[in-house]
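# Architecture and fold: a report
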Amino acid sequence: MITVQNVHKWFGDLHVLKGVSLQVNKGDALVVIGPSGSGKSTLLRCINLLVQPDEGDVIIDGVKVNDPRIRPEWVRQQVGMVFQSFNLFTHLNALENVMIGLRKVKRMDRAGAEQMARFELERVGLADKADAYPAQLSGGQQQRVAIARALALNPKAVLFDEPTSALDPEFIREVLDVMTKLAEEGMTMVVVTHEMGFAHNVADRVLFMADGVVVEEGTPDEVFDRPQKERTQAFVGKILG
Amino acid sequence: MGLKAAAKEIWTRLEDRPVLRSAIAIGGLLGLGLALVLGLAAVGIVSLRFLADNATFLAVPALTSLSATLLSFAIGFAGAIPMGLVRAFAPRILRGEGWRRAAFAPLYGAVTSYVEAIRGTPAFVQIFLVAQVSGLIFPGNPNIPFWGGTLALTINTLGYQTEVFRAGFQSVGQSQVEAAKSIGMRPVQVFLHITLPQGLRLITLPLVNEWVGLFKASALLAYVAVPELLWAASYLGNNRSHPIEAFIMVSSVYLAIIVPLSKAVGWWERKHRIPGLGVAERTVGVGRRRAVVAAGTPAGGLD
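Before going into details, it helps to say that this report is about the structure given with it. (Residues numbered from 1 in each chain as written. Chains lettered and ligands numbered in written order. Predicted model: local features only at pLDDT ≥ 70, side-chain atom pairs only at ≥ 80, totals over all residues. Heavy atoms only, no water.)

Turning our attention to helix α11 (residues 229-239) of chain B. Residues and elements named next belong to chain B. Those residues of α11 lying buried are L229, L230, A232, A233, L236 and G237. Buried residues of α11, seen end-on, are gathered within an arc of 160 degrees and therefore sit on one face of the element. Away from the buried face of α11 by more than 90 degrees, exposed residues N238 and N239 are located. Each element contacted by the buried residues of α11 is listed here: α3 (48-53), α4 (59-94), α10 (204-217) and α12 (243-271). Where α11 begins, the side chain of E228 points an oxygen toward the backbone nitrogen of L230, at a separation of 3.1 Å. S241, located one to two residues past α11, shows a positive phi value of around 60 degrees. (Buried < 20%, exposed > 50% of the residue type's maximum accessible area, 1.4 Å probe, protein only. Helix = DSSP H or I, 4+ residues; strand = E, 2+ residues; numbered from the N terminus. Arc of directions from axis to C-beta. Contact = heavy atoms within 4.5 Å. Polar contact = N/O pair within 3.5 Å; in protein donor to acceptor, adjacent residues only side chain to side chain.)

Structure, rendered in C-alpha coordinates:
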(Lines give C-alpha, C1' and ligand atoms only; values in the text may rest on other atoms or scores of the structure.)
Protein backbone atom coordinates (compact mmCIF):
# COMPACT_ATOMS: atom_id res chain seq x y z
CA MET A 1 0.00 0.00 0.00
CA ILE A 2 2.68 2.53 1.06
CA THR A 3 6.26 2.08 -0.07
CA VAL A 4 9.01 4.54 0.76
CA GLN A 5 12.26 3.94 -1.09
CA ASN A 6 15.56 5.48 -0.10
CA VAL A 7 14.09 8.91 0.73
CA HIS A 8 16.45 11.78 1.51
CA LYS A 9 15.51 15.21 2.80
CA TRP A 10 17.67 18.21 3.52
CA PHE A 11 16.56 21.38 5.31
CA GLY A 12 19.38 23.70 4.26
CA ASP A 13 22.53 21.94 5.42
CA LEU A 14 20.64 19.67 7.78
CA HIS A 15 20.34 16.14 6.42
CA VAL A 16 17.11 15.06 8.11
CA LEU A 17 16.32 11.85 6.26
CA LYS A 18 19.30 9.83 5.05
CA GLY A 19 17.89 7.16 2.81
CA VAL A 20 14.79 5.89 4.59
CA SER A 21 12.85 2.93 3.21
CA LEU A 22 9.74 1.28 4.54
CA GLN A 23 6.77 -0.75 3.44
CA VAL A 24 3.26 -0.88 4.85
CA ASN A 25 0.86 -3.52 3.58
CA LYS A 26 -2.83 -2.85 3.11
CA GLY A 27 -4.64 -3.02 6.45
CA ASP A 28 -1.46 -2.98 8.50
CA ALA A 29 -0.46 -0.58 11.23
CA LEU A 30 3.16 0.51 11.32
CA VAL A 31 4.38 2.24 14.46
CA VAL A 32 7.44 4.48 14.15
CA ILE A 33 9.43 5.20 17.31
CA GLY A 34 12.65 7.08 17.89
CA PRO A 35 14.19 10.00 19.78
CA SER A 36 13.10 13.53 18.97
CA GLY A 37 14.93 14.97 15.99
CA SER A 38 15.29 11.54 14.38
CA GLY A 39 13.17 12.54 11.37
CA LYS A 40 9.90 10.74 12.20
CA SER A 41 7.64 13.71 11.52
CA THR A 42 9.50 14.62 8.34
CA LEU A 43 9.12 11.03 7.15
CA LEU A 44 5.34 11.19 7.66
CA ARG A 45 5.18 14.55 5.87
CA CYS A 46 7.10 13.09 2.94
CA ILE A 47 4.42 10.41 2.54
CA ASN A 48 1.61 12.96 1.97
CA LEU A 49 3.96 15.47 0.36
CA LEU A 50 3.53 18.20 2.96
CA VAL A 51 7.31 17.92 2.62
CA GLN A 52 8.72 17.18 -0.83
CA PRO A 53 11.41 14.45 -0.71
CA ASP A 54 14.72 15.54 -2.24
CA GLU A 55 15.64 12.03 -3.36
CA GLY A 56 13.96 8.65 -3.46
CA ASP A 57 10.39 7.59 -4.14
CA VAL A 58 7.08 7.43 -2.30
CA ILE A 59 4.69 4.92 -3.82
CA ILE A 60 1.06 4.73 -2.73
CA ASP A 61 -1.15 2.01 -4.13
CA GLY A 62 1.25 1.49 -7.03
CA VAL A 63 1.47 5.18 -7.95
CA LYS A 64 4.72 7.05 -7.58
CA VAL A 65 3.34 10.17 -5.92
CA ASN A 66 6.41 12.42 -5.70
CA ASP A 67 6.24 12.87 -9.44
CA PRO A 68 5.85 16.37 -10.86
CA ARG A 69 2.89 15.15 -12.91
CA ILE A 70 0.95 14.12 -9.77
CA ARG A 71 -0.91 16.87 -7.92
CA PRO A 72 0.00 16.82 -4.21
CA GLU A 73 -3.63 17.74 -3.40
CA TRP A 74 -4.74 14.46 -4.94
CA VAL A 75 -2.20 12.52 -2.89
CA ARG A 76 -3.39 14.16 0.34
CA GLN A 77 -6.94 13.04 -0.37
CA GLN A 78 -5.66 9.46 -0.53
CA VAL A 79 -3.69 9.72 2.72
CA GLY A 80 -5.22 11.45 5.74
CA MET A 81 -3.18 13.03 8.51
CA VAL A 82 -3.68 13.58 12.23
CA PHE A 83 -1.44 16.14 13.94
CA GLN A 84 0.13 16.31 17.36
CA SER A 85 -1.63 19.56 18.22
CA PHE A 86 -4.95 18.61 16.50
CA ASN A 87 -4.96 21.66 14.20
CA LEU A 88 -8.75 21.86 14.03
CA PHE A 89 -9.94 24.91 12.10
CA THR A 90 -10.63 27.36 14.91
CA HIS A 91 -13.39 29.27 13.09
CA LEU A 92 -15.48 26.16 12.36
CA ASN A 93 -17.43 23.96 14.74
CA ALA A 94 -16.83 20.22 14.97
CA LEU A 95 -19.35 19.35 12.26
CA GLU A 96 -18.02 22.01 9.88
CA ASN A 97 -14.45 20.86 10.49
CA VAL A 98 -15.40 17.40 9.27
CA MET A 99 -17.61 18.72 6.47
CA ILE A 100 -15.28 21.23 4.87
CA GLY A 101 -13.15 18.66 3.07
CA LEU A 102 -16.26 16.95 1.71
CA ARG A 103 -17.72 20.26 0.54
CA LYS A 104 -14.68 22.01 -0.87
CA VAL A 105 -12.40 19.15 -1.88
CA LYS A 106 -14.85 16.40 -2.78
CA ARG A 107 -17.43 18.96 -3.93
CA MET A 108 -20.35 17.16 -2.27
CA ASP A 109 -23.68 18.93 -1.76
CA ARG A 110 -24.45 20.27 1.71
CA ALA A 111 -26.98 17.63 2.73
CA GLY A 112 -24.79 14.71 1.69
CA ALA A 113 -21.70 16.19 3.29
CA GLU A 114 -23.53 16.89 6.54
CA GLN A 115 -24.94 13.37 6.72
CA MET A 116 -21.51 11.89 6.14
CA ALA A 117 -19.83 14.24 8.64
CA ARG A 118 -22.39 13.35 11.32
CA PHE A 119 -21.68 9.69 10.67
CA GLU A 120 -17.93 10.26 11.10
CA LEU A 121 -18.48 12.17 14.36
CA GLU A 122 -20.64 9.28 15.55
CA ARG A 123 -17.81 6.89 14.78
CA VAL A 124 -15.45 8.76 17.09
CA GLY A 125 -18.16 9.07 19.75
CA LEU A 126 -18.81 12.80 19.39
CA ALA A 127 -22.23 12.97 17.74
CA ASP A 128 -23.41 15.24 20.59
CA LYS A 129 -20.55 17.73 20.08
CA ALA A 130 -21.32 18.64 16.47
CA ASP A 131 -22.04 22.29 17.31
CA ALA A 132 -19.07 22.84 19.62
CA TYR A 133 -16.15 24.97 18.52
CA PRO A 134 -12.62 23.61 19.04
CA ALA A 135 -12.00 25.95 21.98
CA GLN A 136 -15.00 24.41 23.73
CA LEU A 137 -13.70 20.85 23.42
CA SER A 138 -11.13 19.00 25.52
CA GLY A 139 -7.87 17.97 23.88
CA GLY A 140 -9.06 14.39 23.56
CA GLN A 141 -12.32 15.48 21.94
CA GLN A 142 -10.46 17.79 19.55
CA GLN A 143 -8.16 14.99 18.49
CA ARG A 144 -11.13 12.68 17.87
CA VAL A 145 -12.74 15.36 15.69
CA ALA A 146 -9.42 15.63 13.84
CA ILE A 147 -9.50 11.88 13.24
CA ALA A 148 -13.08 12.15 11.96
CA ARG A 149 -11.98 14.97 9.66
CA ALA A 150 -9.23 12.77 8.21
CA LEU A 151 -11.56 9.77 7.86
CA ALA A 152 -14.34 11.74 6.17
CA LEU A 153 -12.42 11.87 2.91
CA ASN A 154 -12.37 8.05 2.91
CA PRO A 155 -8.58 7.82 2.67
CA LYS A 156 -6.64 4.69 1.78
CA ALA A 157 -4.35 5.26 4.75
CA VAL A 158 -4.01 7.61 7.72
CA LEU A 159 -0.79 9.09 9.13
CA PHE A 160 -0.68 9.92 12.85
CA ASP A 161 2.02 12.31 14.04
CA GLU A 162 2.35 11.79 17.81
CA PRO A 163 -1.44 12.06 18.21
CA THR A 164 -1.41 11.79 22.02
CA SER A 165 1.74 13.73 22.91
CA ALA A 166 -0.07 17.02 23.45
CA LEU A 167 -2.86 15.49 25.55
CA ASP A 168 -3.37 15.57 29.28
CA PRO A 169 -3.02 12.01 30.60
CA GLU A 170 -6.75 11.57 31.25
CA PHE A 171 -7.58 12.10 27.56
CA ILE A 172 -5.02 9.75 26.00
CA ARG A 173 -7.11 6.60 26.42
CA GLU A 174 -10.12 7.85 24.41
CA VAL A 175 -7.92 8.75 21.44
CA LEU A 176 -6.01 5.47 21.51
CA ASP A 177 -9.32 3.58 21.69
CA VAL A 178 -10.52 5.27 18.51
CA MET A 179 -7.23 4.46 16.79
CA THR A 180 -7.33 0.85 17.95
CA LYS A 181 -10.85 0.45 16.59
CA LEU A 182 -9.73 1.95 13.32
CA ALA A 183 -6.84 -0.51 13.06
CA GLU A 184 -9.18 -3.40 13.82
CA GLU A 185 -11.46 -2.26 11.02
CA GLY A 186 -8.53 -2.69 8.67
CA MET A 187 -7.37 0.88 8.11
CA THR A 188 -3.81 1.17 6.89
CA MET A 189 -1.96 3.35 9.39
CA VAL A 190 1.47 4.81 10.02
CA VAL A 191 1.69 6.01 13.61
CA VAL A 192 4.50 7.98 15.19
CA THR A 193 3.98 7.46 18.90
CA HIS A 194 5.64 6.63 22.17
CA GLU A 195 2.59 4.81 23.53
CA MET A 196 4.19 1.42 24.01
CA GLY A 197 0.99 -0.29 25.07
CA PHE A 198 -0.68 0.80 21.85
CA ALA A 199 2.35 -0.24 19.79
CA HIS A 200 2.41 -3.67 21.44
CA ASN A 201 -1.29 -4.36 20.98
CA VAL A 202 -2.04 -2.75 17.65
CA ALA A 203 1.11 -2.52 15.53
CA ASP A 204 1.86 -5.16 12.93
CA ARG A 205 5.36 -3.77 12.55
CA VAL A 206 7.50 -1.39 14.56
CA LEU A 207 10.24 0.71 13.08
CA PHE A 208 12.95 2.41 15.13
CA MET A 209 14.52 5.55 13.65
CA ALA A 210 17.48 7.57 14.81
CA ASP A 211 19.43 10.37 13.13
CA GLY A 212 17.46 10.09 9.91
CA VAL A 213 17.95 6.39 9.30
CA VAL A 214 15.94 3.26 10.07
CA VAL A 215 17.96 1.49 12.73
CA GLU A 216 15.79 -1.55 13.22
CA GLU A 217 12.44 -2.91 12.10
CA GLY A 218 10.38 -5.90 13.15
CA THR A 219 7.30 -7.12 14.96
CA PRO A 220 6.54 -5.39 18.27
CA ASP A 221 7.93 -8.40 20.14
CA GLU A 222 11.15 -8.32 18.17
CA VAL A 223 11.77 -4.61 18.57
CA PHE A 224 10.62 -4.20 22.18
CA ASP A 225 11.61 -7.54 23.72
CA ARG A 226 14.61 -8.67 21.67
CA PRO A 227 16.15 -5.61 20.01
CA GLN A 228 19.28 -6.53 18.08
CA LYS A 229 20.97 -3.15 17.70
CA GLU A 230 22.62 -1.35 20.57
CA ARG A 231 20.87 1.97 19.89
CA THR A 232 17.48 0.27 19.85
CA GLN A 233 18.26 -1.46 23.12
CA ALA A 234 19.26 1.84 24.71
CA PHE A 235 16.14 3.66 23.47
CA VAL A 236 13.69 0.88 24.28
CA GLY A 237 15.32 0.50 27.69
CA LYS A 238 14.68 4.17 28.37
CA ILE A 239 11.08 4.36 27.27
CA LEU A 240 10.03 1.08 28.84
CA GLY A 241 12.24 2.08 31.83
CA MET B 1 -23.69 50.96 51.17
CA GLY B 2 -20.49 52.85 50.43
CA LEU B 3 -19.91 54.70 47.18
CA LYS B 4 -17.37 52.17 45.95
CA ALA B 5 -19.65 49.23 46.63
CA ALA B 6 -22.53 51.03 44.91
CA ALA B 7 -20.40 51.65 41.80
CA LYS B 8 -19.35 48.01 41.75
CA GLU B 9 -22.97 46.89 42.09
CA ILE B 10 -24.05 49.07 39.16
CA TRP B 11 -21.14 47.85 37.06
CA THR B 12 -21.99 44.22 37.80
CA ARG B 13 -25.61 44.72 36.77
CA LEU B 14 -24.57 46.41 33.54
CA GLU B 15 -22.10 43.71 32.57
CA ASP B 16 -24.57 41.46 30.81
CA ARG B 17 -26.30 44.34 29.04
CA PRO B 18 -24.00 45.81 26.41
CA VAL B 19 -26.82 47.65 24.62
CA LEU B 20 -27.87 49.41 27.82
CA ARG B 21 -24.24 50.22 28.51
CA SER B 22 -23.89 51.80 25.07
CA ALA B 23 -27.13 53.72 25.54
CA ILE B 24 -25.85 55.15 28.83
CA ALA B 25 -22.54 56.11 27.23
CA ILE B 26 -24.24 57.84 24.30
CA GLY B 27 -26.77 59.48 26.60
CA GLY B 28 -23.93 60.78 28.77
CA LEU B 29 -22.20 62.18 25.72
CA LEU B 30 -25.39 63.93 24.58
CA GLY B 31 -25.95 65.33 28.06
CA LEU B 32 -22.42 66.71 28.26
CA GLY B 33 -22.68 68.29 24.82
CA LEU B 34 -26.03 69.83 25.64
CA ALA B 35 -24.72 71.20 28.94
CA LEU B 36 -21.73 72.71 27.13
CA VAL B 37 -23.88 74.37 24.47
CA LEU B 38 -26.41 75.70 26.98
CA GLY B 39 -23.61 76.95 29.21
CA LEU B 40 -21.97 78.80 26.31
CA ALA B 41 -25.34 80.18 25.25
CA ALA B 42 -25.99 81.43 28.78
CA VAL B 43 -22.82 83.54 28.71
CA GLY B 44 -23.60 84.78 25.21
CA ILE B 45 -20.84 82.99 23.28
CA VAL B 46 -23.19 80.71 21.37
CA SER B 47 -26.39 81.72 19.61
CA LEU B 48 -29.09 79.07 19.97
CA ARG B 49 -31.03 80.90 17.31
CA PHE B 50 -28.20 80.42 14.80
CA LEU B 51 -27.98 76.71 15.65
CA ALA B 52 -31.72 76.26 15.13
CA ASP B 53 -31.79 78.19 11.86
CA ASN B 54 -28.95 76.19 10.34
CA ALA B 55 -29.79 72.78 11.80
CA THR B 56 -29.95 71.04 8.42
CA PHE B 57 -27.18 72.98 6.74
CA LEU B 58 -24.66 70.15 7.15
CA ALA B 59 -26.88 67.33 5.84
CA VAL B 60 -25.66 67.37 2.23
CA PRO B 61 -21.99 67.99 3.15
CA ALA B 62 -22.26 65.02 5.57
CA LEU B 63 -23.39 62.86 2.66
CA THR B 64 -20.42 64.08 0.64
CA SER B 65 -17.99 63.19 3.46
CA LEU B 66 -19.65 59.81 3.92
CA SER B 67 -19.62 58.99 0.19
CA ALA B 68 -15.95 59.85 -0.20
CA THR B 69 -15.06 57.77 2.88
CA LEU B 70 -17.23 54.75 2.10
CA LEU B 71 -16.13 54.61 -1.52
CA SER B 72 -12.40 54.93 -0.80
CA PHE B 73 -12.61 52.50 2.12
CA ALA B 74 -14.35 49.86 -0.01
CA ILE B 75 -11.91 50.14 -2.89
CA GLY B 76 -9.00 50.16 -0.44
CA PHE B 77 -10.42 47.06 1.24
CA ALA B 78 -10.62 45.14 -2.03
CA GLY B 79 -7.09 46.14 -2.99
CA ALA B 80 -5.63 45.53 0.45
CA ILE B 81 -6.53 41.82 0.43
CA PRO B 82 -4.14 40.85 -2.42
CA MET B 83 -1.56 43.42 -1.33
CA GLY B 84 -1.69 42.24 2.28
CA LEU B 85 -1.26 38.72 0.98
CA VAL B 86 1.91 39.73 -0.84
CA ARG B 87 3.20 41.56 2.24
CA ALA B 88 2.43 38.58 4.48
CA PHE B 89 3.70 35.66 2.45
CA ALA B 90 6.15 36.89 -0.20
CA PRO B 91 9.08 36.92 2.27
CA ARG B 92 8.75 33.16 2.64
CA ILE B 93 8.66 32.63 -1.11
CA LEU B 94 11.68 34.90 -1.46
CA ARG B 95 13.69 32.59 0.77
CA GLY B 96 13.11 29.79 -1.76
CA GLU B 97 14.36 29.41 -5.29
CA GLY B 98 13.16 29.28 -8.88
CA TRP B 99 10.68 31.28 -10.96
CA ARG B 100 8.44 32.10 -8.01
CA ARG B 101 11.24 34.00 -6.38
CA ALA B 102 11.97 35.89 -9.56
CA ALA B 103 8.28 36.79 -9.92
CA PHE B 104 7.65 37.83 -6.33
CA ALA B 105 10.79 39.86 -5.63
CA PRO B 106 9.70 42.95 -7.66
CA LEU B 107 6.09 42.56 -6.51
CA TYR B 108 7.07 42.49 -2.85
CA GLY B 109 9.41 45.41 -3.37
CA ALA B 110 6.69 47.46 -5.06
CA VAL B 111 4.02 46.78 -2.42
CA THR B 112 6.41 47.44 0.45
CA SER B 113 7.61 50.71 -1.08
CA TYR B 114 3.99 51.78 -1.56
CA VAL B 115 3.10 51.07 2.05
CA GLU B 116 6.17 52.88 3.34
CA ALA B 117 5.52 55.87 1.09
CA ILE B 118 1.93 56.19 2.32
CA ARG B 119 2.76 55.72 5.96
CA GLY B 120 5.77 57.97 5.77
CA THR B 121 4.07 61.07 4.35
CA PRO B 122 1.22 63.19 5.75
CA ALA B 123 -2.24 62.43 4.34
CA PHE B 124 -2.59 66.17 3.78
CA VAL B 125 0.39 66.16 1.42
CA GLN B 126 -0.97 63.14 -0.49
CA ILE B 127 -4.33 64.86 -0.92
CA PHE B 128 -2.75 68.06 -2.22
CA LEU B 129 -0.55 66.15 -4.61
CA VAL B 130 -3.44 64.18 -6.10
CA ALA B 131 -5.62 67.31 -6.28
CA GLN B 132 -2.93 69.26 -8.15
CA VAL B 133 -2.25 66.45 -10.61
CA SER B 134 -5.93 65.71 -11.31
CA GLY B 135 -6.60 69.45 -11.69
CA LEU B 136 -3.88 69.61 -14.34
CA ILE B 137 -5.20 66.60 -16.23
CA PHE B 138 -8.87 67.66 -16.17
CA PRO B 139 -8.83 71.46 -15.95
CA GLY B 140 -12.15 73.10 -15.16
CA ASN B 141 -14.15 69.93 -14.57
CA PRO B 142 -16.48 70.70 -11.62
CA ASN B 143 -16.52 67.08 -10.40
CA ILE B 144 -12.77 66.85 -10.13
CA PRO B 145 -12.36 68.01 -6.52
CA PHE B 146 -14.63 65.23 -5.24
CA TRP B 147 -13.21 62.44 -7.38
CA GLY B 148 -9.63 63.57 -6.91
CA GLY B 149 -10.18 63.75 -3.16
CA THR B 150 -11.77 60.30 -3.09
CA LEU B 151 -8.86 58.94 -5.12
CA ALA B 152 -6.40 60.46 -2.65
CA LEU B 153 -8.24 58.91 0.32
CA THR B 154 -8.27 55.57 -1.53
CA ILE B 155 -4.51 55.73 -2.12
CA ASN B 156 -4.03 56.54 1.55
CA THR B 157 -6.28 53.90 3.10
CA LEU B 158 -4.98 51.22 0.73
CA GLY B 159 -1.55 51.57 2.30
CA TYR B 160 -2.86 51.34 5.86
CA GLN B 161 -5.37 48.56 5.18
CA THR B 162 -2.65 46.52 3.45
CA GLU B 163 -0.74 46.46 6.72
CA VAL B 164 -3.88 45.57 8.66
CA PHE B 165 -4.48 42.59 6.38
CA ARG B 166 -0.82 41.59 6.48
CA ALA B 167 -1.03 41.37 10.27
CA GLY B 168 -4.31 39.44 10.06
CA PHE B 169 -3.02 36.90 7.57
CA GLN B 170 0.21 36.42 9.48
CA SER B 171 -1.59 35.76 12.72
CA VAL B 172 -3.41 32.76 11.20
CA GLY B 173 -1.25 29.88 12.38
CA GLN B 174 0.86 27.84 10.00
CA SER B 175 -0.62 24.72 11.61
CA GLN B 176 -4.06 25.77 10.29
CA VAL B 177 -2.65 26.01 6.79
CA GLU B 178 -0.93 22.65 7.08
CA ALA B 179 -4.15 21.01 8.27
CA ALA B 180 -6.05 22.50 5.32
CA LYS B 181 -3.42 21.21 2.90
CA SER B 182 -3.56 17.80 4.54
CA ILE B 183 -7.20 17.36 3.55
CA GLY B 184 -6.35 18.11 -0.06
CA MET B 185 -7.18 21.81 -0.34
CA ARG B 186 -5.49 23.75 -3.11
CA PRO B 187 -3.63 26.94 -2.11
CA VAL B 188 -6.52 29.13 -3.31
CA GLN B 189 -8.99 27.10 -1.21
CA VAL B 190 -6.73 27.31 1.83
CA PHE B 191 -6.76 31.08 1.46
CA LEU B 192 -10.50 31.45 0.79
CA HIS B 193 -11.77 29.01 3.40
CA ILE B 194 -9.17 29.24 6.19
CA THR B 195 -6.76 32.19 6.07
CA LEU B 196 -9.25 34.85 4.93
CA PRO B 197 -12.17 34.09 7.29
CA GLN B 198 -9.88 33.65 10.30
CA GLY B 199 -7.83 36.72 9.39
CA LEU B 200 -10.95 38.89 8.96
CA ARG B 201 -12.16 38.02 12.44
CA LEU B 202 -8.81 38.99 13.90
CA ILE B 203 -8.75 42.41 12.20
CA THR B 204 -12.34 43.62 12.66
CA LEU B 205 -11.32 46.15 15.31
CA PRO B 206 -8.27 47.57 13.45
CA LEU B 207 -10.42 47.87 10.33
CA VAL B 208 -13.04 49.88 12.21
CA ASN B 209 -10.25 52.06 13.58
CA GLU B 210 -9.02 52.63 10.05
CA TRP B 211 -12.53 53.56 8.88
CA VAL B 212 -12.97 56.05 11.70
CA GLY B 213 -9.52 57.52 11.01
CA LEU B 214 -10.30 57.80 7.32
CA PHE B 215 -13.65 59.50 7.96
CA LYS B 216 -11.93 62.07 10.12
CA ALA B 217 -9.13 62.46 7.58
CA SER B 218 -11.78 63.22 4.94
CA ALA B 219 -12.07 66.63 6.63
CA LEU B 220 -8.77 67.47 4.91
CA LEU B 221 -10.63 67.46 1.58
CA ALA B 222 -12.05 70.83 2.63
CA TYR B 223 -8.70 72.30 1.64
CA VAL B 224 -8.94 71.02 -1.94
CA ALA B 225 -12.41 72.50 -2.48
CA VAL B 226 -14.55 69.44 -1.82
CA PRO B 227 -17.87 70.66 -0.33
CA GLU B 228 -17.74 68.26 2.60
CA LEU B 229 -18.41 68.74 6.33
CA LEU B 230 -15.47 70.88 7.35
CA TRP B 231 -15.74 72.95 4.18
CA ALA B 232 -19.39 73.69 4.97
CA ALA B 233 -18.58 74.48 8.59
CA SER B 234 -15.85 76.87 7.51
CA TYR B 235 -18.35 78.54 5.19
CA LEU B 236 -20.79 79.01 8.07
CA GLY B 237 -18.03 80.25 10.31
CA ASN B 238 -16.36 82.67 7.91
CA ASN B 239 -19.22 83.98 5.79
CA ARG B 240 -21.85 84.10 8.51
CA SER B 241 -19.51 84.98 11.36
CA HIS B 242 -20.54 82.23 13.74
CA PRO B 243 -17.42 80.03 13.86
CA ILE B 244 -18.00 78.53 17.32
CA GLU B 245 -21.53 77.42 16.47
CA ALA B 246 -20.27 76.02 13.16
CA PHE B 247 -17.58 73.92 14.78
CA ILE B 248 -19.92 72.69 17.49
CA MET B 249 -22.31 71.59 14.74
CA VAL B 250 -19.66 69.84 12.67
CA SER B 251 -18.23 68.03 15.72
CA SER B 252 -21.73 66.81 16.57
CA VAL B 253 -22.17 65.37 13.07
CA TYR B 254 -18.85 63.50 13.23
CA LEU B 255 -19.73 62.12 16.67
CA ALA B 256 -23.25 61.18 15.60
CA ILE B 257 -21.84 59.04 12.79
CA ILE B 258 -18.72 57.58 14.43
CA VAL B 259 -19.93 56.65 17.91
CA PRO B 260 -23.01 54.60 16.89
CA LEU B 261 -21.00 52.89 14.17
CA SER B 262 -18.25 51.78 16.57
CA LYS B 263 -20.85 50.61 19.05
CA ALA B 264 -22.73 48.69 16.36
CA VAL B 265 -19.63 46.90 15.13
CA GLY B 266 -18.63 46.03 18.68
CA TRP B 267 -22.11 44.64 19.31
CA TRP B 268 -22.05 42.63 16.06
CA GLU B 269 -18.61 41.26 16.88
CA ARG B 270 -19.70 40.07 20.32
CA LYS B 271 -22.93 38.58 18.99
CA HIS B 272 -21.12 36.56 16.33
CA ARG B 273 -18.00 35.75 18.25
CA ILE B 274 -16.47 32.29 17.95
CA PRO B 275 -15.05 30.87 21.17
CA GLY B 276 -11.29 31.01 21.11
CA LEU B 277 -11.01 33.28 18.08
CA GLY B 278 -10.72 37.05 17.90
CA VAL B 279 -12.54 39.24 20.41
CA ALA B 280 -12.77 37.92 23.95
CA GLU B 281 -16.21 37.49 25.46
CA ARG B 282 -15.37 40.11 28.09
CA THR B 283 -11.82 41.16 28.80
CA VAL B 284 -12.60 42.70 32.15
CA GLY B 285 -15.13 41.23 34.46
CA VAL B 286 -16.24 40.59 37.96
CA GLY B 287 -18.50 38.00 39.51
CA ARG B 288 -20.81 36.00 37.33
CA ARG B 289 -19.31 36.81 33.95
CA ARG B 290 -15.89 35.52 34.88
CA ALA B 291 -17.53 32.23 35.84
CA VAL B 292 -19.18 32.01 32.40
CA VAL B 293 -15.85 32.48 30.64
CA ALA B 294 -14.23 29.85 32.82
CA ALA B 295 -16.99 27.32 32.10
CA GLY B 296 -16.64 27.78 28.37
CA THR B 297 -12.89 27.31 28.49
CA PRO B 298 -11.81 23.67 28.71
CA ALA B 299 -8.37 22.31 29.44
CA GLY B 300 -5.99 23.42 26.78
CA GLY B 301 -7.19 27.01 26.87
CA LEU B 302 -8.21 29.25 24.05
CA ASP B 303 -5.28 28.71 21.68
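Structure shown, so let's carry the discussion forward.
Residues and elements named next belong to chain A. Between helix α5 (residues 139-152) and helix α6 (residues 169-184), the least distance of the axes is 8 Å, while the angle of their chain directions is 20 degrees. Taken as axis vectors, α5 and α6 run roughly parallel relative to one another. Of the two elements, α5 crosses α6, and the hand of that crossing is right-handed. Here G139, G140, Q141, Q143, R144, I147 and L151 of α5 lie close against α6, whose contacting residues are F171, E174, V175, V178, M179 and L182. Taken together, the residues of the contact of α5 with α6 break down into seven nonpolar, four polar and two charged. (Axes fitted to C-alpha atoms, helices over the stretch in contact; angles between N-to-C directions. Parallel < 35°, antiparallel > 145°, perpendicular 65-115°, else oblique. Left-handed = near helix turned anticlockwise from the far one by under 90°. Nonpolar A, V, L, I, M, F, W, Y, C, P; charged D, E, K, R; others polar.)

Below, the discussion takes up the nonpolar core. I2, I33, L121, I147, F160, M179 and M189 of chain A are the most contacted members of the largest nonpolar core, which totals 95 residues. Broken down by element, the residue count for this core peaks at eight residues, all from α6 of chain A. For F160 of chain A, the residues in contact, after removing those within four places along its chain, are L44, V82, I147, M179, L182, M189, V190, V191 and V192 of chain A. Counting residues in each nonpolar core, the second largest holds 49 residues, with A68, I127, F191 and V212 of chain B among its members. (Core = buried A, V, L, I, M, F, W, Y, C linked by side-chain atoms within 4.5 Å.)

What follows deals with unusual backbone geometry. All names here are of chain A. In this model, N6 sits at a positive phi of 50 degrees, which is unusual for a non-glycine residue. Structurally, N6 can be placed in strand β1 (residues 2-11). Exposure remark for N6: the relative accessible area of 41% places this residue in the partly exposed category.

A few words now on the packing of aromatic side chains. Throughout the structure, instances matching the rule amount to 11 aromatic pairs over all chains. Ring centres 5.2 Å apart and planes at 75 degrees place the aromatic pair F77 of chain B and F165 of chain B in the edge-to-face group. Of this pair, F77 of chain B sits in helix α4 while F165 of chain B is found in helix α7 (residues 144-170), placing the two residues 88 residues apart along the sequence. Centre to centre, the rings of F215 of chain B and Y254 of chain B are 5.2 Å apart; their planes meet at 65 degrees, and the pair counts as edge-to-face. Here Y254 of chain B lies in helix α12 and F215 of chain B lies in helix α10, a separation of 39 residues in the sequence. Using a relative accessible area of 0% as the deciding quantity, one classes F215 of chain B as buried. Owing to a relative accessible area of 13%, Y254 of chain B belongs among the buried residues under this scheme. Ring pairing ties together the aromatic residues F77, F165, F169 and F191 of chain B, which thus form one cluster. Of note, R149 of chain A hangs over the ring of F89 of chain A, and the distance from its end group to the ring centre comes to 4.6 Å. (Phe/Tyr/Trp six-rings, centres within 6.5 Å; stacked < 30°, edge-to-face > 60°. Lys NZ or Arg CZ within 6 Å of the ring centre and 35° of its normal.)

Fair warning: the whole summary comes from geometry, so function is off the table for now.
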